[in-house]
Amino acid sequence: MAFITERFGDQIYAALRFVVGFLFLWHGLQKLFGIPMPLPSGVPAYIVYIAGPIELIGGILVAIGLFTRWAAFLCSGLMAFAYWIAHGTQALLPIVNRGELAALYCFVFLYISAHGSGIWSVDSKR
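For the structure given in this document, a descriptive report is provided here. Per chain, residue numbering runs from 1 following the sequence as it is written. In keeping with the model being predicted, local features are shown solely for residues with a pLDDT of at least 70 and side-chain atom pairs are shown and tallied solely at 80 or more, while totals for entire chains, interfaces and linings include all residues. Derived side-chain values reflect all non-hydrogen atoms in the structure, with water molecules and hydrogen atoms excluded from consideration.

## Considering the packing of aromatic side chains
Just so we agree on the cut-off: Two rings from Phe, Tyr or Trp (for Trp, the six-membered ring) form a pair when their centres are within 6.5 Å of each other. A pair whose planes differ by under 30 degrees is stacked, one over 60 is edge-to-face, and the rest are tilted. Helix and strand definitions follow DSSP, with helices as H or I runs of at least four residues and strands as E runs of at least two, each counted in order from the N terminus. Burial classes: relative accessible area under 20% of the type maximum marks a residue as buried, over 50% as exposed, and values in between as partly exposed (1.4 Å probe, protein chains only).
Tallying each qualifying case throughout the model produces seven aromatic pairs. Seen in terms of ring centroids, Phe18 and Phe22 are 6.1 Å apart; in terms of plane orientation they differ by 15 degrees. Their pairing is stacked. With Phe18 and Phe22 both in helix α1 (residues 9–33), this residue pair falls four residues apart, about one helical turn. Exposure remark for Phe18: the relative accessible area of 43% places this residue in the partly exposed category. Judged by relative accessible area, which is 37%, Phe22 ranks as partly exposed. When the ring of Tyr83 is compared with that of Trp84, the centres are 5.0 Å apart and the planes differ by 90 degrees; the resulting orientation is edge-to-face.

And the structure:
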C-alpha cells in the first residue's frame, strides 16, 4: 500500500517550489525596498545590491516556474556563499552559527535546480 502523499508527489513538489520562491522573494524585497520592514543599519552595499536582486528575481522565477533550473541554481549558490560568509566564519555547526535558514535554502534550491520546474509552472506551458 502506497503512502498517501506518494499519489500527489508532483503537486507537493509544485507547492514546495512555489512556497520556497515566495518566501525567498521577500528577502529581496526587504533588501531593496525595506518591505515589509527595513534592514538594520550597517548592512554592506554588496548584500543589498547583489543579493537583493538575486533573491527578488530568483524567488519570483522559482515561484512561477520560469527558467527554474538556472534561477534555482543561482539562488543555491547565493545561499552557499551567504552561509560561508555570514555564518560559517562564526562556528562550524548551523545550530551554533544560526545559519540553518541559509543552509536549508541552499539545498532546497539545489534540489529544485536538479528536479526542474515540474507541473503548475510557466516552463511546462512553454
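Still more to cover.
## Focus: the side chain of Lys31
Worth spelling out the cut-off: We define a polar contact as two N or O atoms separated by no more than 3.5 Å, with the added condition that, inside protein, one atom must be a possible hydrogen donor and the other a possible acceptor, whereas residues neighbouring each other in sequence contribute only through side-chain atom pairs. For this analysis, residues touch if any pair of their heavy atoms sits within 4.5 Å.
With respect to the secondary-structure elements, Lys31 resides in helix α1. Polar contacts involving the side chain of Lys31 include one to the side chain of Glu55, which spans 2.9 Å. Leave out the neighbours within four places in its chain, and Lys31 touches Leu39, Ile47, Val48, Ala51, Gly52 and Glu55.

## So, the layout of surface pockets
Heads up, the rule is: Only protein atoms enter the 1 Å grid, on which a cavity is a set of points fitting a 1.4 Å probe that cannot get out and a pocket is an open set with protein on both sides within 12 Å along at least 5 of 7 lines, lining residues being those with an atom within 4 Å of a point. Grid points are joined across faces, edges and corners, and a volume is the space filled by probe spheres set on the points. Only Asp, Glu, Lys and Arg are considered charged, only Ala, Val, Leu, Ile, Met, Phe, Trp, Tyr, Cys and Pro nonpolar, and every remaining residue, Gly among them, polar.
Of the pockets and cavities examined, the largest pocket occupies roughly 530 Å³. Around the largest pocket, the lining is made up of 21 residues, and of these Lys31, Glu55, Met79, Ala82 and His87 lie nearest the centre. Elements that contribute at least two residues to the lining of the largest pocket include exactly α1, α2 (45–64), α3 (68–87) and α5 (100–115). Of the residues contributing to the lining of the largest pocket, the split by class is 15 nonpolar, three polar and three charged.

## Here's the deal with the packing of α2 against α3
Our working rule: Between N-to-C directions, angles cover 0 to 180 degrees, with each direction set by a line fitted to C-alpha atoms, over the stretch in contact for helices. Handedness of a crossing is defined here by the sense of rotation of the near helix relative to the far one, left-handed for an anticlockwise turn of less than a right angle and right-handed for a clockwise turn.
Packing of α2 against α3 brings their axes to within 9 Å, and their N-to-C directions diverge by 145 degrees. By crossing handedness, the relation of α2 to α3 is classed as left-handed. Residues Tyr46, Ala51, Ile54, Glu55, Gly58, Gly59, Leu61 and Val62 of α2 form the contact with α3, whose participating residues are Thr68, Ala71, Ala72, Leu74, Cys75, Leu78, Met79 and Ile85. Class assignment for the residues of the contact of α2 with α3 results in 12 nonpolar, three polar and one charged.

## Observations concerning the pattern of salt bridges
To keep things clear, this is the line we draw: In what follows, salt bridge is the name for a side-chain nitrogen of Lys or Arg lying within 4 Å of a carboxyl oxygen of Asp or Glu.
Summed over the entire model, instances satisfying the criterion amount to two salt bridges. Between Lys31 and Glu55 there is a salt bridge, with its nearest N and O atoms 2.9 Å apart. Of this pair, Lys31 sits in helix α1 while Glu55 sits in helix α2, and the two are 24 residues apart along the sequence. Given a relative accessible area of 15%, Lys31 falls into the buried group. For Arg126, the salt bridge identified is with Asp123, shortest N-O distance 3.5 Å. The class for Arg126 is exposed, based on a relative accessible area of 64%.

## Side note on the side chain of Ser113
With respect to the element layout, Ser113 can be found in helix α5. A relative accessible area of 11% places Ser113 in the buried class. Each residue touching Ser113, except ones within four places of it in the same chain, is listed here: Arg69, Ala72 and Phe73.

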